[in-house]
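Survey of secondary and tertiary structure
Here is how the chains run, residue by residue.
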Amino acid sequence: MHEMSICESIINVIEQQAVAQSFSKVKRVRLEIGPLAGVELEALRFSFDVVCKGGLAEGAALEVIELPIDAWCMMCAEKTVVKQRFDPCPTCGSYQVQITGGDELRIKEMEVD
Ligand SMILES: [Zn+2]
């Protein structure tokens, strides 16, 4: 499962941070995920619990902040935000929209002990 390896890399980052900032327990992890990251949130939560078991993030709450999809409208020549791929520009209705973001997946913050 794709989500399992995502969670493993999240845990790797957490463990590196734990050494660098000397904490031993993670209570909450807040992730920012773009709709185009191709992540199934249910699977991600499940994998997170599995991967955290026995480690310093065992039992940590996983919070997900869903990011908008950043885009560039060629007609408006302005940045915009769309709800999904192939949506028209919300300002002018043009389909000349280039997706510039929305595939992010990063740890925004952690609550630690
Ligand atoms: Zn536009």
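A brief look at the structure comes next. Keep in mind the model is a prediction, meaning the values are calculated, not measured. (Residues numbered from 1 in each chain as written. Predicted model: local features only at pLDDT ≥ 70, side-chain atom pairs only at ≥ 80, totals over all residues. Heavy atoms only, no water.)

All told, the structure shown has 6 salt bridges when counted by the stated rule. Residue R30 is joined to E109 by a salt bridge in which the shortest nitrogen-to-oxygen separation is 2.3 Å. You can see R30 sitting in strand β1 (residues 26-33) and its partner E109 sitting in strand β6 (residues 105-112), a full 79 residues away along the chain. Classification of E109 as partly exposed rests on a relative accessible area of 37%. Linked through salt bridges whose partners overlap, the residues forming this network are R28, R30, E63, E109 and E111. (Salt bridge = Lys/Arg side-chain N within 4 Å of Asp/Glu carboxyl O. Helix = DSSP H or I, 4+ residues; strand = E, 2+ residues; numbered from the N terminus. Buried < 20%, exposed > 50% of the residue type's maximum accessible area, 1.4 Å probe, protein only.)

Right, let's talk about the sheet that holds strand β2 (residues 61-66) for a bit. Taken in spatial order, the 3 strands of this open sheet run β2-β1-β6, and their pairing is mixed. Whereas interior strands pair on both sides, the edge strands pair on one side only; in this sheet they are β2 and β6. Shown here is a sheet whose adjacent strand axes are inclined to one another by a mean of 20 degrees, direction ignored. Bridge count for β1 against β6 is 7 bridges, and the pairing is antiparallel. Residue pairing across strands places R28 opposite E111, the latter belonging to β6. Taken strand by strand, helix α1 (residues 2-21) contacts β1 and β6, and its axis lies near 45 degrees from that of β6. (Pairing = 2+ DSSP bridges. Axes fitted to C-alpha atoms, helices over the stretch in contact; angles between N-to-C directions. Contact = heavy atoms within 4.5 Å.)

What follows is about the sheet that holds strand β3 (residues 69-73). The strands making up a sheet associate through backbone hydrogen bonding, with each pair oriented either parallel or antiparallel. Sheet architecture is open: 3 strands sit in the order β4-β3-β5, paired in antiparallel fashion. At either end of the open sheet lies a strand with only one pairing partner, and these are β4 (78-82) and β5 (97-99). Adjacent strand axes in the sheet meet at a mean angle of 40 degrees when their direction is disregarded. Pairing of β3 with β5, which is carried by 3 bridges, proceeds in the antiparallel orientation. In the strand pairing of β5, A71 is matched with I99.

Moving on to helix α2 (residues 41-52). Taking 1.5 Å per residue as the helical rise, α2 with its 12 residues ought to reach 16 Å, and the 16 Å between its terminal C-alpha atoms agrees with that figure. Along α2, the residues classified as buried are A43, L44, S47, F48, V51 and C52. The arc that holds the buried residues of α2, viewed along the axis, is 150 degrees, so those residues lie on one side. In α2, the exposed positions angled more than 90 degrees off the buried face are occupied by E42 and F46. One or two positions beyond α2, positive phi appears at G54, with a value near 80 degrees. (Expected span 1.5 Å × (residues − 1). Arc of directions from axis to C-beta.)

Remark: a regular strand shows side chains that alternate across the two faces of the sheet. Bridging between β3 and β4 involves 5 bridges; their strand directions are antiparallel. Paired with C73 across the two strands is E78, which belongs to β4. Adjacent in sequence and paired antiparallel, β3 and β4 are bridged by 4 residues, among which A77 carries a positive phi angle near 55 degrees.

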